[in-house]
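# Results of the structural survey
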Amino acid sequence: NLCTNKCYLEVYAKYIQAMQRMAHLKTGKDHIRIPLVIMTSGDTDPLTRQLLKDNNNFGFDEGQVMIVKQDKVCALKDGNAGLSMKSKWEIETKPHGHGDVHHLLYREGLVDKWYNE
């Protein structure tokens with residue numbers, strides 16, 4: 001962030017942790033943990049994991065931050081759904097995108113986990 005010199009994950013972490021403190025105050029329950037799920041791609045996954053490690057998960061408890069990595073799909077080159085080719089024999093791929101988040105939450109078992117909690 002150019003105004004605060006804080007990275008986006010730190011801003012999210014502080015906001016979520018403030019909501020957690022508010023939940024503690026309102027309910028009197030100390031065990032409330034609001035999870036953070038980060039969706040990454042092959043390009044962003046290693047850097048995101050390193051950023052979290054370098055910053056001690058921005059104060060989140062172990063296991064409170066979950067990372068789900070998008071699969072890659074064939075890239076389209078035009079509105080006619082032509083395939084984008086890296087070479088004569090290789091199809092270019094790209095991360096699936098935000099539409100994949102619901103599938104990833106289900107695939108990783110987070111939907112059931114949160115429902116049961």
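Structure: above.
Summary of the structure given here. (Residues numbered from 1 in each chain as written. Predicted model: local features only at pLDDT ≥ 70, side-chain atom pairs only at ≥ 80, totals over all residues. Heavy atoms only, no water.)

A surface patch of nonpolar side chains, amounting to about 340 Å² of accessible area, comprises L76, L83, M85 and I91. Position of L76 relative to the elements: it lies in the loop between β3 (72-74) and β4 (85-87). Given the relative accessible area of 52%, L76 is considered exposed. (Patch = residues over 30% accessible without salt bridge, like charges linked within 9 Å, V, L, I, M, F, W, Y side chains within 5 Å. Areas by Shrake-Rupley, 256 points an atom, 1.4 Å probe, with all protein chains shown as cover. Salt bridge = Lys/Arg side-chain N within 4 Å of Asp/Glu carboxyl O. Helix = DSSP H or I, 4+ residues; strand = E, 2+ residues; numbered from the N terminus. Buried < 20%, exposed > 50% of the residue type's maximum accessible area, 1.4 Å probe, protein only.)

Okay, the nonpolar core next. The biggest cluster of nonpolar side chains holds ten residues, and these are L9, A13, I16, L36, I38, L52, F58, F60, V65 and I67. Breaking this core down by element, the ones donating at least two residues are α1 (8-27), β1 (36-40) and β2 (65-69). It is α1 that contributes the most residues to this core, three residues altogether. Ignoring any residue separated from it by four or fewer positions in sequence, one finds L9 in contact with I38, T48, L51, L52 and F58. Of all hydrophobic cores here, the second largest spans five residues; its members include V68, L104, L105 and L110. (Core = buried A, V, L, I, M, F, W, Y, C linked by side-chain atoms within 4.5 Å. Contact = heavy atoms within 4.5 Å.)

Summed over all chains, the structure comprises one aromatic pair. Consider the rings of Y8 and Y12, whose centres lie 6.0 Å apart with planes at 85°: the pair is edge-to-face. Remark: Y12 and Y8 occur in helix α1; sequence separation between them is four residues, near one turn of the helix. Given a relative accessible area of 46%, Y12 falls into the partly exposed group. (Phe/Tyr/Trp six-rings, centres within 6.5 Å; stacked < 30°, edge-to-face > 60°.)

Turning our eyes to something else, we now look at the side chain of S41. Secondary-structure assignment places S41 in the loop between β1 and α2 (45-54). Residue classification places S41 among the buried positions, given a relative accessible area of 7%. Look past the residues within four positions of S41 in its chain and what remains in contact with it is K69, Q70 and P95.

Turning our attention to the pairing of β2. Most of β2 sits inside the fold, with four of its five residues counted as buried. Relative to β2, β1 is paired through five bridges, and the arrangement is parallel. Note on β2: the bridge partner recorded for M39 is V68. Note on the crossover from β1 through α2 to β2: the handedness is right-handed. (Pairing = 2+ DSSP bridges. Right-handed = clockwise from strand over helix to strand, strands pointing away.)

In this section: the pattern of salt bridges. The tally for this structure, following the rule as stated, stands at six salt bridges. Residue D61 pairs with R33 through a salt bridge whose shortest N-O separation is 2.4 Å. In this pair, D61 sits in the loop between α2 and β2 while R33 sits in the loop between α1 and β1, placing the two residues 28 residues apart along the sequence. Take R33: its relative accessible area is 40%, and that puts it in the partly exposed class. Between R107 and D71 there is a salt bridge, and its shortest N-O distance comes to 3.0 Å. A residue pair is termed long-range when its members are at least 10 positions apart, and R107 in helix α3 (residues 101-107) and D71 in the loop between β2 and β3 qualify at 36 residues.

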